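Results of the structural survey
Chain by chain, the residues run as shown.
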Amino acid sequence: MSEGFDFVVVGKGMMGAAAARHLSLSGAIVALVGPDEPDDWANHRGVFASHYDNARITRTIDNDPVWARLARRSIDRYPEISEASGIDFYFEVGCLIAAPAHGSEFDYLERVERARDRLQVEAPFIGGGDLLERFPWFRFPDGYAGIHEARGAGYVNPRALVRAQTIAAEKSGAQVIRSEVISVVEDADHVRVMTAGGAVVRAGRALIAAGGFSLSTALMPRPIDLAVKARTVLFAEVGEADLRDFKGMPSLIVTAPEQERSHYLLPPVAYADDKHYIKIGGDPTDRVLGSEAAVRDWFRSEASAQAAAHMRGLLEEVIPGFRPVSTHFAPCVTSFTRHGYPYIGFASDRIAVLTGGNGQAAKSSDEIGRLGASLVMDGRLDATEYETDFAVAFR
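Residue numbers restart at each chain and count upward from 1, following the sequence in its written direction. This being a predicted model, a pLDDT of at least 70 is required before a residue's local features are given, and a value of 80 or more before pairs of side-chain atoms are given or counted; all residues contribute to the totals for chains, interfaces and linings. In computing side-chain values, all of the structure's heavy atoms are included and hydrogens and water are not.

**Here we look at the packing of aromatic side chains**
What counts is decided by this rule: Ring pairs shown here join Phe, Tyr and Trp side chains whose ring centres sit within 6.5 Å, with only the six-membered ring taken for Trp; geometry is labelled stacked below 30 degrees between planes, edge-to-face above 60, and tilted in between. Helix numbering and strand numbering both begin at the N terminus, where a helix is a DSSP run of H or I of at least 4 residues and a strand a DSSP run of E of at least 2. For every residue, the accessible area obtained with a 1.4 Å probe (protein chains only) is divided by the maximum for its type, and the residue is called buried under 20%, exposed over 50%, and partly exposed between those limits. Comment: the charge-over-ring label is applied if NZ (Lys) or CZ (Arg) is within 6 Å of the ring centre and within 35 degrees of the ring normal.
Following the criterion strictly, the structure yields 13 aromatic pairs and no others. With centroids separated by 5.4 Å and ring planes inclined at 80°, the aromatic side chains of Tyr-78 and Phe-89 adopt a geometry described as edge-to-face. In this pair, Tyr-78 sits in helix H3 (residues 78-85) while Phe-89 sits in the loop between H3 and strand E4 (90-91), placing the two residues 11 residues apart along the sequence. No difference in accessibility class separates Tyr-78 from Phe-89, as the two residues are buried. Between the aromatic rings of Trp-137 and Phe-138, the centroid separation amounts to 6.0 Å while the plane-to-plane angle is 55°, which identifies the pairing as tilted. Each member of the aromatic cluster is reached from another via a ring pair, and the members are Tyr-78, Phe-89 and Tyr-90. Between the NZ or CZ atom of Arg-222 and the centre of the ring of Phe-394, over which it lies, the distance is 3.6 Å. When the ring centre of Phe-336 is taken as reference, the NZ or CZ atom of Lys-229 above it lies at 4.6 Å.

Printed below as a string of structure tokens:
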């Protein structure tokens, strides 16, 4: 198969699917190329994606105004995406950020308040004495306070969000090719994208939205400065009889001066095995995966038992009365850019890149995708409302 398009998006994940939807809404002829989730991770030899999960925290409140605006704009469009696709992916359970209170050297909550106020988000400060009364599930260290966003926050199902974006893109005319891309080649007047299934896709411009696999030299004309870090996520099963005890529990982010004390968790979420799990993440140390092959190997691994044990300890501290029926853990990756924001820019005349979630992109992926679509349509990125240019850093 050989077909021609205005644009081809490489990577059918949260950013790529969002970009394809926005491109197709513009009337452009668009191909979205990327494989579906594999059934057997351990024996899968192809690429993976970090959206293979049922729950990611969403909220506007953030210590950085850029990420707060990216999130706010994306959240505002959740109903549009759901209506266009017929898929529900957003659960408004609220989000609580807990951190050392005002007056400490660690000013995270003060920065959250400043970003909150700039966007006029309703998310009140809650002093340490009121945290237990408002959120009886949790226990925090002395001297902690919180900021709670009750509306427009909670969690999204990233698997469902990608399905929703993909369906909405297809309804607007995009063609979805469910195959892994093995090479991207720039010619004088077009880009050729070859897939493992034998398809050859020709387009005026290509947008590479391959997450951690953007390290691949087969996809990018020159290497980008992207640190892909191995992550472990712990799942703690909640018994049927205990589910009612967690009714009303928000998503939680605990931020401390020390990485090993910082973590996040989500309220009980249903998974494919018809069981409900509280998910917690917060690796105590970083492990950088230096190549695409290393990223593949990590996804096929059992993740880090040491990190999972650390998270069990954090879970016991923050929800001391919870006794999981079972626990298991799984691998994930997070891609970090040099400046801490997504890379949205050209790597050559016809090949652009859209990657680098920095651990914050799931909730904000629709706006990030819109910016990527704008880049390839206009030939430049016009994002003056943001305090960054999202420039790509190369090695």
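**Quick look at the sheet that holds E4**
The following threshold applies: If DSSP finds at least two bridges between two strands, the strands pair.
The sheet built from three strands is open, its strands ordered E3-E8-E4 with antiparallel pairing. Both edges of this open sheet fall to strand E3 (56-58) and E4, since each of them pairs with a single strand only. With two bridges connecting them, E4 and strand E8 (residues 154-156) associate as antiparallel partners. Across the sheet, the residue bridging to Phe-91 is Tyr-155, located in E8.

**Looking at the packing of helix H1 (residues 14-25) against helix H6 (residues 158-171)**
Note the following rule: Fitted lines through C-alpha atoms serve as axes, helices being fitted only where they are in contact, and the angles separating the N-to-C directions of these axes extend from 0 to 180 degrees. Here the word oblique covers every angle except those under 35 degrees (roughly parallel), over 145 (roughly antiparallel) and from 65 to 115 (roughly perpendicular). Each crossing gets its hand from how the near helix is turned against the far one by less than a right angle, where anticlockwise is left-handed and clockwise is right-handed. In this analysis, two residues are considered to be in contact whenever any of their non-hydrogen atoms come within 4.5 Å of each other. Each residue is assigned to one of three groups, with Ala, Val, Leu, Ile, Met, Phe, Trp, Tyr, Cys and Pro labelled nonpolar, Asp, Glu, Lys and Arg labelled charged, and all others, Gly among them, labelled polar.
Put simply, H1 and H6 touch, their axes get as near as 8 Å, and they point 25° apart. As far as their axial angle goes, H6 and H1 are roughly parallel. In the packing of H1 onto H6, the handedness of the crossing is left-handed. Together, Met-14, Ala-17, Ala-18, Ala-20, Arg-21 and Ser-24 of H1 and Pro-158, Val-162, Gln-165, Thr-166, Ala-168 and Ala-169 of H6 make up the contact between the two elements. Tallied by class, the residues present in the contact of H1 with H6 amount to eight nonpolar, three polar and one charged.

**With respect to the pattern of salt bridges**
Which entries qualify depends on this criterion: By convention in these notes, a salt bridge is any Lys or Arg side-chain nitrogen within 4 Å of a carboxyl oxygen on Asp or Glu.
In total, this model carries 28 salt bridges according to the counting rule given. With a shortest N-O distance of 2.9 Å, Arg-338 and Asp-225 are connected by a salt bridge. Within this pair, whereas Arg-338 is found in the loop between strand E19 (327-337) and strand E20 (343-346), its partner Asp-225 is found in the loop between strand E12 (200-208) and strand E13 (226-238), the two being separated by 113 residues in sequence. Residues Arg-261 and Glu-317 are paired through a salt bridge, measuring 2.4 Å at the closest nitrogen-oxygen approach. Here the residue Arg-261 occupies a position in the loop between strand E14 (251-254) and strand E15 (263-265), and Glu-317 occupies one in helix H8 (residues 305-318), the gap between them amounting to 56 residues.

**Concerning the nonpolar core**
Note the cut-off: In this text, buried Ala, Val, Leu, Ile, Met, Phe, Trp, Tyr and Cys residues form a nonpolar core when linked through side-chain atoms within 4.5 Å.
Grouped together as the largest cluster of nonpolar side chains are 41 residues, with contacts concentrated most on Val-8, Val-184 and Ile-208. Secondary-structure elements contributing two or more residues to this core are strand E1 (2-10), strand E2 (30-33), strand E10 (181-186), strand E11 (191-195), E12, E13, helix H7 (292-300) and strand E21 (351-355). At four residues, E12 tops the list of elements feeding residues into this core. With near-sequence residues (within four places) excluded, Val-8 lies in contact with Ala-31, Val-33, Val-193, Val-201, Ala-203, Arg-205, Ala-206 and Leu-207. Core analysis: the second largest hydrophobic core is formed by 34 residues, Leu-32, Ala-209, Ala-362 and Leu-375 among them.

**So, H7**
Among the residues making up H7, those that are buried are Val-295, Arg-296, Trp-298, Phe-299 and Arg-300. Buried positions along H7 lie against E13, strand E18 (288-289) and E19.

**Details of the pairing of E21**
Among the five residues in E21, five count as buried, and that is most of the element. Both E12 and E21 contribute to a ladder of three bridges, which runs parallel. Looking at the pairing, Ala-206 lines up with Ile-351 of E21. As paired strands, E20 and E21 are joined by four bridges and run antiparallel to one another.

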